[in-house]
Amino acid sequence: MDIQLVKIKQCELKSAWLMQKIGFIDIFLKYFDIISPVLQGYTRFVKKANCVDMYWILMNGKKAGEIWIGERDGICYIANLFVLKKYRNKGVAQRVITLAEDLYPRHNVWRLDTIKQEKANCHLYEKLGYIPAGVEKKINKRMTIIDYEKRKGDPNEKRNN
């Protein structure tokens, strides 16, 4: 399985916006959350896109999802990550996170947030050395967002290539 990260160009933003809606629709239908990327308008999407580095996730040359990486105060954060349904459960997200961390080698602290109820996501991040950090945010009666952090060089860090 060949996984690559390729920067999304300005002229591809509309396609990225539409793919994001497809990538998050099942989560939206499960939780009906008001923070869902599915509900995000194009203007807001572009505004956010200009604050992060956006990458297509390519699996064997085909667009399989996206990852957005931001930097603030010397800390890298995964602002958005999704893999399209037909590419899930193949180790794509795990490989993508490792590739993303390798793209920003001078950053020792990484952060992300995820849905606490999505146990597979939490397991993935913990397997890669991320630990729960910060306050949980209750979005609605079905969904809570939990923050994760990874400090490279920390004894808890794991690398699964």
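Structure's up top.
Section: helix α2 (residues 42-49)
For α2, the complete set of buried residues consists of F45, V46 and A49. Buried residues in α2, looked at end-on, bunch into an arc of 95 degrees, giving them a common side. Exposed and facing more than 90 degrees away from the buried side of α2 are T43, R44 and K47. Elements in contact with the buried residues of α2: α1 (13-31), β2 (53-59) and β3 (62-72).

What about the environment of E149?
With respect to the helices, strands and loops of the structure, E149 is situated in strand β8 (residues 144-151). E149 sits 43 residues away from R106 along the chain, and the two C-alpha atoms are 16 Å apart. Contact partners of E149, with chain neighbours within four places excluded, come to V109, W110, R111, G129, Y130, I131 and A133. Here R111 takes part through its side chain, which lies 2.6 Å from a polar atom of the side chain of E149. Within the structure, the side chain of E149 is placed 2.9 Å from the side chain of R151, a separation counted as a polar contact.

Side note on a nonpolar patch on the surface
Together, I25, L29 and F32 make up an exposed nonpolar region whose accessible area comes to about 280 Å². The residue L29 is located in helix α1 in this model.

A short note on the packing of aromatic side chains
In this structure the tally under the stated criterion is eight aromatic pairs. Three or more aromatic residues link up through ring pairs in this structure, and these residues are W17, Y42, F45 and W68. Sitting over the ring of Y42, K14 keeps its end group 4.2 Å from the ring centre. The aromatic ring of W56 is capped on one face by K63, whose charged end is 4.1 Å from the ring centroid.

Some words on the packing of helix α3 (residues 92-103) against helix α4 (residues 119-127)
Look at α3 against α4: their axes get within 11 Å of each other, and the N-to-C directions meet at 40 degrees. Our classification of the angle between α3 and α4 gives oblique. As α3 packs across α4, the resulting crossing turns out to be right-handed. Along the contact surface, α3 presents A93, Q94 and I97, while α4 presents L124, Y125 and K127. Classifying every residue of the contact of α3 with α4 gives four nonpolar, one polar and one charged.

Brief notes about the pairing of β3
Sheet topology places β2 next to β3; seven bridges connect them, and they run antiparallel. Opposite M54, over in β3, you have W68 as the bridge partner. Turn length for the β2-β3 hairpin, with the two strands adjacent in sequence and antiparallel, is two residues, and the turn residue N60 shows positive phi of about 50 degrees. Where β3 and strand β4 (residues 75-83) come together, eight bridges link them in antiparallel fashion. In the sheet register, G65 faces β4, and the bridge partner there is V83. Hairpin connection from β3 to β4: two residues lie between these consecutive antiparallel strands, with D73 at a positive phi of about 55 degrees.

Reading the values: the criteria
- Residues numbered from 1 in each chain as written.
- Predicted model: local features only at pLDDT ≥ 70, side-chain atom pairs only at ≥ 80, totals over all residues.
- Heavy atoms only, no water.
- Buried < 20%, exposed > 50% of the residue type's maximum accessible area, 1.4 Å probe, protein only.
- Helix = DSSP H or I, 4+ residues; strand = E, 2+ residues; numbered from the N terminus.
- Arc of directions from axis to C-beta.
- Contact = heavy atoms within 4.5 Å.
- Polar contact = N/O pair within 3.5 Å; in protein donor to acceptor, adjacent residues only side chain to side chain.
- Patch = residues over 30% accessible without salt bridge, like charges linked within 9 Å, V, L, I, M, F, W, Y side chains within 5 Å.
- Areas by Shrake-Rupley, 256 points an atom, 1.4 Å probe, with all protein chains shown as cover.
- Salt bridge = Lys/Arg side-chain N within 4 Å of Asp/Glu carboxyl O.
- Phe/Tyr/Trp six-rings, centres within 6.5 Å; stacked < 30°, edge-to-face > 60°.
- Lys NZ or Arg CZ within 6 Å of the ring centre and 35° of its normal.
- Axes fitted to C-alpha atoms, helices over the stretch in contact; angles between N-to-C directions.
- Parallel < 35°, antiparallel > 145°, perpendicular 65-115°, else oblique.
- Left-handed = near helix turned anticlockwise from the far one by under 90°.
- Nonpolar A, V, L, I, M, F, W, Y, C, P; charged D, E, K, R; others polar.
- Pairing = 2+ DSSP bridges.

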